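Remarks on the overall topology
For reference, the chains in residue letters:
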Amino acid sequence: MQMTFEASSSVTLLFDFWDVHGPAGMVLSVFFVLVLTVFFEILKVWRVWLSSNSQLAQPPSGSAYAAAPSGRTESCSVVDGSPSEASLTPTESQPLSTRNSWLLHIIQTCLHVLQVTLGYMLMLCVMSYNVWIFLGVVLGSALGYFISFPLLGQMSLYGRVRH
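Residues numbered from 1 in each chain as written. Predicted model: local features only at pLDDT ≥ 70, side-chain atom pairs only at ≥ 80, totals over all residues. Heavy atoms only, no water.

The protein carries the name Copper transport protein in an unreviewed UniProt entry, which gives Fundulus heteroclitus as its organism. Under Sequence similarities (unreviewed entry), UniProt gives the following word-for-word description of the protein: "Belongs to the copper transporter (Ctr) (TC 1.A.56) family. SLC31A subfamily." (UniProt positions renumbered as here; feature names shortened; annotations may be inferred.)

In structure tokens:
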């Protein structure tokens with residue numbers, strides 16, 4: 001197996017049945033890899049959006065725990081003034097719906113597995129050492145980031161995501 005980039009129109013990608021021979025097959029393969037990469041980038045932002053809108057990521061307004069008064073002065077550092085697990089005292093509130101939290105956790109887990117699998121598949125496509133496939137992944141990543149970045153920016157404007 002070669003370990004240097006080449007610009008040929010024949011390559012085997014991921015599986016034996018995805019054997020490309022000729023320019024038309026290469027163009028279709030590059031387009032397919034580009035679309036997969038755009039989906040990968042959008043999936044990353046969608047997971048951030050989903051977790052930022054979930055009740056698991058943000059404690060509800062009537063959270064089950066509230067920071068205990070610490071009696072610290074303003075000269076304390078930001079780290080010293082932040083509540084730790086030991087300084088949280090229970091308050092009265094409604095518990096999170098167990099069914100909804102498990103469903104959200106299952107959805108997040110499935111999306112994570114999809115994202116990791118897709119990322120490794122794209123990495124293996126690049127490791128075919130074909131210049132055209134590599135460019136398809138790079139351009140797809142750039143296009144996907146270009147499409148999804150404004151969505152991420154809007155989320156941070158509304159205070160849903162903290163960078």
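One pass over the full model with this rule turns up one salt bridge. Linking K44 and E41 is a salt bridge whose minimum nitrogen-to-oxygen distance equals 3.3 Å. Remark: E41 and K44 occur in helix 1 (residues 23-53); sequence separation between them is three residues, near one turn of the helix. Given the relative accessible area of 32%, K44 is considered partly exposed. (Salt bridge = Lys/Arg side-chain N within 4 Å of Asp/Glu carboxyl O. Helix = DSSP H or I, 4+ residues; strand = E, 2+ residues; numbered from the N terminus. Buried < 20%, exposed > 50% of the residue type's maximum accessible area, 1.4 Å probe, protein only.)

The next point concerns helix 3 (residues 98-126). The end-to-end C-alpha separation of helix 3 is 42 Å, in line with the 42 Å expected for 29 residues at 1.5 Å each. Buried within helix 3 we find S101, L104, Q108, L111, Q115, L118, L122 and C125. (Expected span 1.5 Å × (residues − 1).)

With that settled, the discussion passes to the UniProt feature "transmembrane region" (unreviewed entry) in the protein. Listed under "transmembrane region" (unreviewed entry) in the UniProt record, and renumbered for this structure, are residues 20-43 and 129-152. Helix makes up 88% of residues 20-43 and strand 8%, with an end-to-end C-alpha separation of 27 Å. Helix makes up 92% of residues 129-152 and strand 0%, whereas the separation of the span's terminal C-alpha atoms amounts to 32 Å.

Right, let's talk about the packing of helix 1 against helix 3 for a bit. Closest axis-to-axis distance for the helix 1/helix 3 pair is 10 Å, and the angle between their directions is 150°. In terms of orientation, helix 1 lies roughly antiparallel with respect to helix 3. Between helix 1 and helix 3 lies a crossing whose hand is left-handed. Along the contact surface, helix 1 presents V33, L36, T37, F39, F40, L43, K44, W46, R47, L50 and S51, while helix 3 presents L104, I107, Q108, L111, H112, L114, Q115, L118, G119, L122 and C125. Considering only residue class, the contact of helix 1 with helix 3 consists of 14 nonpolar, six polar and two charged. (Axes fitted to C-alpha atoms, helices over the stretch in contact; angles between N-to-C directions. Parallel < 35°, antiparallel > 145°, perpendicular 65-115°, else oblique. Left-handed = near helix turned anticlockwise from the far one by under 90°. Contact = heavy atoms within 4.5 Å. Nonpolar A, V, L, I, M, F, W, Y, C, P; charged D, E, K, R; others polar.)

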